[in-house]
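For reference, the chains in residue letters:
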Amino acid sequence: MPSHTIHTASGRTLDELNLKALLADELTAEDFRISGETLRRQADTAEAAGYRQLAENLRRAAELTGISNQEVLDIYNALRPNRSTYNELIALADRLENDLAAPLTAALVREAAEVYQVRRILRNP
Amino acid sequence: MRSKRFEKLAERPINRETFIQPWPEVGLIALDSPLDPSPSLKIEDGVVVEMDGVRREEFDLIDHFIARHALNLDVAERAMNTPSREIARMLVDINVPRAAVLELVSGCTPAKLVDIVQQMSVLEMMMGLAKMRARRTPANQAHVTNRKEHPALLAADAAEAALRGFAEVETTVGVARYAPLNALAILVGSQTGRGGVLTQCAVEEAVNLRLGFKGLTSYSETLSVYGTEDTFIDGDDTPWSKAFLGAAYASRGVKTRYTSGTGAAALMGHSEGKSMLYLEARCLLVTRGAGSQGTQNGSISCIALPESLPGGVRGVLAENLIAMMLGLEVASGNDALASHSEMRKSAKLMLQFIPGTDFITSGYGAIPRYDNMFGGGNFDVTELDDWYVLQRDMQVDGGLVPVREEEVLRVRERGARAIQAVFDALGFPPITEAEVEAAVTAYSSEDMPDRDKVADIEAAQRLLDGPLTAIEVIRALEEAGFHDVASNILEMQRQRVIGDYLQPAAIFGDNFQVLSALTDPNDYQGPGTGYRLEGGRWSALQNLPQAWDPRTYLESLGAARDRTWLKEIGPAKRGDQPEVVIALGPAFGAQIDRTIGGLDHRDVLSAILQGIQDEGVPARVVRIYHTSDCAFIGYAGAQLSGSGVAIGIQSKGTTVIHRRDLAPLDNLELFSQSPNLDLDTYRQIGRNAARYATGQPTTPVPVKIDNTVRLRLIVQTTLLHLRETQQIRRDRPPTELCLS
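Residues numbered from 1 in each chain as written. Chains lettered and ligands numbered in written order. Predicted model: local features only at pLDDT ≥ 70, side-chain atom pairs only at ≥ 80, totals over all residues.

Counting residues at the interface gives 45 residues for chain A, matched by 53 residues for chain B. Sorting the residues of the side of chain A that touches chain B by element identifies α1 (19–23), α2 (36–48), α3 (52–64), α4 (69–79) and α6 (103–118) of chain A as the ones contributing at least two each. Of the residues belonging to the side of chain A that touches chain B, the class tally is 29 nonpolar, ten polar and six charged. (Contact = placed C-beta atoms within 7 Å. Helix = DSSP H or I, 4+ residues; strand = E, 2+ residues; numbered from the N terminus. Nonpolar A, V, L, I, M, F, W, Y, C, P; charged D, E, K, R; others polar.)

The structure is reproduced here in structure tokens:
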């Protein structure tokens, strides 16, 4: 992928990520976060090469770039077996879709809620 | 009654292993359980309603996930209707490219995948690996851990591992709370050895993710998936939680690889009576369905379990192949201790080593086995030279480059000093000069001073919970004068932003060049195609520090010679008295002055003469010019001997007692293992020759038999014989010699 098209999640260009700027305290950890746009382009590349599921994963990843580390960990834990009620998972999916601009992740969570219900690995309300 | 041979066999390392008969009902069967389903797939309105004999209503978690995510329904009907044997043949047919197989296989159910590989022999599966692995260039991964969790030793070992060519370096912990410091130490160490080495710290998922968020790790292969629902639940995950986790890592630019392997479900007591390979096929479809770019499989830590069963090692190879058929990067096991038997361990390795995989081991112990915190270490630091020699023997790239001791010491010191500087700048418990010095030359953590564990763990907690990230590490290194290491770690952070190494099977080559299934796709299609170890890389891999130039050996033979002790006094005549003729090879005492056993030719000749003299028999010494062959030297001497008995001796020391009436290649006694001959033996050879010459009853000279001699000294033998052969003068008759 040509480097001039790449911006970090914080909007910087790759060229700005240099030692001089780092030593001048101009860079933070947020400046080294991959952007959703870059991940979507990587997804397109993967898909074109025949790696459809990897592409879907990278598109979900693109959605998660806007979500905080803590919330990412919380969602992961909510998806573990016997952690959430059906309604909690559906509410999480709604929030992902409506508030966090993450419809693909929301679909994954919604699907999990349905299957977890059938397989009885939901937390009892 | 006990056979002594069976007693010996029972003591062999191989018999410290457990071998059992299959018990399918509890999953103790490598392949082909009677309870394994037959392949089937029914699709209605774009929805899978039956898979491998199970109706949708009966689907478990894994079936649901595979049916929804893993199968390419567009080709499923064609794939399922193609006979398994035909697909198996495509796997080994050089005229069918990898992409064509990938496309068709993407519609196969777990049982179909198993049915395909069941058609194949181990050799055919290896052919399959050569064609189907994702990345053209094979690579290898290292384990770097130690019992003391010593940061300077971790950094030094990671630096050395990077120098040796490992593309990924993985650490873990004995005490979980050390994780952040261990991750930091191998990050700094690896980027000292070679920029672009990927690193990870295998710990609990939440901690692992946080280490990734901080830029302290660049990949993760801790995402375990399982082949039955109950095992998955016991692992406290579901395919959906794992899929989410995979996306979470990718969202922070961290490469991930799932992990699974035959035997896990049986070990955890939830096999459902299915074979290990069938359950692994399900794991691999979950892996693909979740969108992982790759897998670490090949039974991994369970390896001894399939190995207890018939066909277990074949099954483990089959699971590597299935993963590759699904387009996954494969780090192909060979990491956990697989056998007490060196023969078995090496034979198992060859299944992946020869065809090549994306990572031939998913963890080669770049440390002593004693320090391996992954629970074993199939190969360790003491076996690195064996690995290099195997690469050189077979012209196979096993991912490692021979190194010089001085280079290793240099990068180890720099790695240890770099982590010392980082600890200093971040206010972590200091790493002393004594610790750095110990780390440079250490064999294991036993060579390292103890550290204040409470203080280290406190620092580790601060690193994990506080705001520190790779940025502060880079700054500390740059300010302490480690510009190259700082630049490499910065580049690793920049690569996270670019994300090219999230594509399948990605590693960094020189100068952070991404080698992946996209930039370096495996294009094997038979002889002359695909990855070939050649050119500069082949030169580098054959350049072992132990290898020497044979020309220098011959030059060393020519040094410091006194040739005056053997004088030629004219053509040798045939004797007519009882005597023993000692016939010397063309170079004896001249161009060569000692035997391969290191005996001075003068001493050898004196010993033989002494032995003859002890029997009161006269002796003559002649030099043979027309041959360098021991039998013919002795034969030529015998023609000149008044008694018909002669001793022939080559410069390397090989000796024969010959008699005129025998055929040239026959003899009275032959002493072929010249390195085992000492002066006493030569004296006895002289004595026996004298007794033959005077017709006395003679007991053959006893000689020591050491069958490793040829193995150890065949090159020196060849060179000495070459030097002797170079002195042959075909037309020159034997010459009489006198000793001065």
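Here the narrative resumes.
Moving on to the confidence of the model for chain B. One rule of thumb: low pLDDT means the predicted coordinates there are not for detailed reading. The pLDDT averaged across chain B works out to 96; a share of 99% of its residues lies at or above 70. Scored as a whole, the predicted complex attains pTM 0.96, and scored at its interfaces, ipTM 0.98. (pLDDT = per-residue confidence, 0-100.)

Now for the nonpolar core. All names here are of chain B. Ranked by internal contacts, the top residues of the largest apolar core, which has 210 residues, are A155 and L477. A per-element tally of this core places helix α8 (residues 151–163) first, with ten residues. In this structure, L477 is in contact with A418, A421, V422, F482, V485, A486 and I489, ignoring residues within four places of it in sequence. Within the second largest apolar cluster, 44 residues are counted, among which are F588, I649, I657 and L677. (Core = buried A, V, L, I, M, F, W, Y, C linked by C-beta atoms within 7 Å. Buried ≥ 20, exposed ≤ 12 C-beta atoms within 10 Å, placed from the backbone.)

Partitioning chain B into structural domains gives domain 1 (17–132 + 222–331), domain 2 (144–217 + 358–541) and domain 3 (555–739). Using only C-alpha atoms to locate each centre, domain 1 of chain B and domain 3 of chain B end up separated by 68 Å. (Domains from an automatic or database assignment.)

A few words on the domain arrangement of chain A. All names here are of chain A. You can read the domains of chain A as domain 1 (1–65) and domain 2 (68–125). The centre of domain 1, based on its C-alpha atoms, is set 26 Å off from the matching centre of domain 2. Contacts between the two partners involve four residues from domain 1, matched on the other side by six residues from domain 2. Taken together, the residues of the side of domain 1 that touches domain 2 break down into one nonpolar, no polar and three charged.

All names here are of chain B. With 18 residues, helix α29 (residues 709–726) extends 24 Å between its outermost C-alpha atoms, agreeing within 8% with the 26 Å of an ideal straight helix rising 1.5 Å per residue. Along α29, the sharpest change in direction is near 45° and occurs at V715. Taken as a whole, α29 has its buried residues at L720, H721, R723 and E724. Next to the buried residues of α29 lie α25 (550–557). (Expected span 1.5 Å × (residues − 1). Bend = angle between axes of the 7 residues up to and from the residue.)

So, about the sheet that holds strand β7 (residues 219–224) of chain B. All names here are of chain B. Spatially, the four strands line up as an open sheet ordered β7-β8-β9-β10, and their pairing is parallel. A single partner strand is all that each edge strand has here, and the edge strands are β7 and β10 (329–331). Across the sheet, the axes of successive neighbouring strands diverge by a mean angle of 30°, strand direction being ignored. Pairing of β7 with strand β8 (residues 255–259) involves four bridges; the strand directions are parallel. By the bridge assignment for β8, S224 is matched with T259. Lying over the sheet, helix α12 (residues 239–251) contacts β7 and β8, oriented at roughly 175° with respect to β7. (Pairing = 2+ DSSP bridges. Axes fitted to C-alpha atoms, helices over the stretch in contact; angles between N-to-C directions.)

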